[in-house]
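# Summary of structural features
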Amino acid sequence: MKAGFVNIFGKPNAGKSTLLNALMGEKLAIVSSKVQTTRHRIKAFLTTDQYQIIFSDTPGIIEPKYKLHEKMMKTVKSSLEDADVALLLVDIKDNWEECDTLFSSLRLAVPGLLLLNKIDKVSPEKLVASKEFFENKTYCKKVIPISALTKKNLDTLLTDIVDLLPEGEPFYGTDEMTDLSERFFVSEMIREKIYDLFEDEIPYHTTVLVHEFKQKTGLIKIGANIIVQRDTQKSIIIGEGGKMIKKIGTEARKDIEKFVGQKIFLELFVKVRPKWRENDLYLKEYGY
Ligand SMILES: Nc1nc2c(ncn2[C@@H]2O[C@H](COP(=O)(O)OP(=O)(O)OP(=O)(O)O)[C@@H](O)[C@H]2O)c(=O)[nH]1
Ligand SMILES: [Mg+2]
């Protein structure tokens, strides 16, 4: 039996969460076209008779600008510490030099698989050039071109991961898929809708906290607070005559019902908490 930690690193928007979901065959991590979507370490266990892989999706690596960012980068650091294998994800259309600098700065002590992602978007020539660029870097054990979106080459990737995995017994129950709570996933699904529905800075000033999760007859009652920093943001989230918050609720409810496998009643509230992103007590309360 083989078992180990395989942690995904890269710049924001490289496709880390899309990759985690594709490898698991299940949507566990939220995805958006905007940067800095993931804020937590999301662990997911892939178990067969031969191995247990504990994948971790992590926040995109950035220079912290406020305390929430610092917390996010702490989770990246902790994921660097327990990795057995590192998946270094590059959006092939991104700046390769910048990615190279970033990966060098991680000072990896474990084998790194350099994954060129989004190959569905580039020419074969560009693919060859980028392979050549990364091939001899010290952090790079092997370059694997993939498309997380179309699931191209993920079987090859899995074989390479298992080759590098240490021998060992499973860390988690073989029927478990994650150690995160249902409440966490529900709050993430609501947060994802905010990334989808709002432009500009709104998603970055917002977090979501589930405060009620109760099994009733025939349905689950869920209450969640959408936290923002300012009154103006609260009005934007609510929208004219409550139009936007209703939209968030309708969209999120579909995903949550699929996830929990039953009907839910979802109640959303908007709360203003000035500078919550800078406040240790709030950050702790909101799970950061
Ligand atoms: N064309 C294409 N798009 C992709 C691929 N993988 C991911 N994307 C898109 O890239 C965007 C970002 O994907 P995410 O998975 O949220 O990226 P991430 O690295 O987790 O981003 P952060 O959480 O912000 O660090 C989304 O719009 C995805 O649909 C791919 O292989 N091909
Ligand atoms: Mg992500």
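Higher on the page you've got the structure.
As a starting point, this report considers the structure included with it. Note on numbering: residues in each chain are counted from 1, in written sequence order. Chain labels run from A onward and ligand labels from 1 onward, assigned in the order the entries are written. For this predicted model, a pLDDT threshold of at least 70 governs which residues receive local features, and a threshold of 80 or more governs which side-chain atom pairs are given and counted, while totals over whole chains, interfaces and linings are taken from all residues. The side-chain figures draw on all heavy atoms in the structure; neither hydrogens nor water molecules are used.

In spatial order, the strands read β2-β3-β1-β4-β5-β6; together these six strands make up an open sheet with mixed pairing. For this open sheet the edge positions go to β2 (42-47) and β6 (142-145), each flanked by a neighbour on one side alone. Averaged over all adjacent pairs, the angle separating strand axes in this sheet is 25°, with direction ignored. Where strand β1 (residues 2-10) meets strand β3 (residues 51-57), six bridges bridge the pair, whose relative direction is parallel. Note on β3: the bridge partner recorded for Asn 7 is Ser 56. Any two residues whose heavy atoms approach within 4.5 Å are treated as being in contact. Note on method: axes are straight lines fitted to C-alpha atoms, helices fitted across the in-contact stretch only, with angles between N-to-C directions ranging 0 to 180 degrees. What counts as a helix is a DSSP run of H or I of at least four residues, what counts as a strand is a run of E of at least two, and both are numbered from the N terminus. Contacts from helix α3 (residues 96-105) reach β1, β4 (85-91) and β5 (112-117), with the element oriented near 160° to β4. Two strands are counted as paired when DSSP detects at least two bridges linking them.

Space left empty within the atom packing is revealed by a probe, the size of a water molecule, rolled over the atoms. Put plainly, a pocket is an open set of points on a 1 Å grid over the protein atoms alone with protein on both sides within 12 Å along at least five of seven lines, a cavity is a set where a 1.4 Å probe fits but cannot get out, and a lining residue has an atom within 4 Å of a point. Grid points are joined across faces, edges and corners, and a volume is the space filled by probe spheres set on the points. In the structure shown here, the tally under the stated rule is one cavity of 30 Å³ or more. Quantified by volume, the largest cavity comes out at close to 30 Å³. Contributing to the lining of the largest cavity are Gln 36, Arg 39, Tyr 66, Leu 68, His 69, Met 72 and Tyr 204. The residue inventory of the lining of the largest cavity, partitioned by class, reads four nonpolar, two polar and one charged. Under this grouping Gly is polar, as are all residues other than the nonpolar Ala, Val, Leu, Ile, Met, Phe, Trp, Tyr, Cys and Pro and the charged Asp, Glu, Lys and Arg.

Our focus in this paragraph is the site of ligand 1. A single heavy atom is enough: if one lies within 4 Å of a molecule or strand, its residue is considered near that molecule or strand. For ligand 1, the set of nearby residues contains 22 residues, the closest of which are Lys 16, Thr 18, Gln 36, Thr 37 and Asp 120. Backbone polar atom of Gln 36 to an oxygen atom of ligand 1: 2.8 Å apart, as the coordinates give it. Polar contacts here mean pairs of N or O atoms no more than 3.5 Å apart (in protein, one a potential hydrogen donor and the other a potential acceptor; neighbouring residues in sequence count only if both atoms are side-chain atoms). Contact between ligand 1 and Leu 149: an oxygen atom at 3.1 Å from a main-chain N or O atom of the residue. Look at ligand 1: alone it shows 660 Å² of surface, and the protein chains cover 91% of it. Here ligand 1 is seated within the largest pocket. If one sorts the elements of the shell around ligand 1 by residue count, helix α1 (residues 16-24) sits on top with three residues. Each residue belonging to the shell around ligand 1 can be placed in one class, and the counts come to six nonpolar, 12 polar and four charged. Residue-level accessible areas treat just the shown protein chains as cover; the underlying method is Shrake-Rupley with a 1.4 Å probe. Assignment of a molecule to a cavity or pocket requires that more than half of its atoms lie within 2 Å of the corresponding grid points.

Nothing here speaks to function; it is all geometry.
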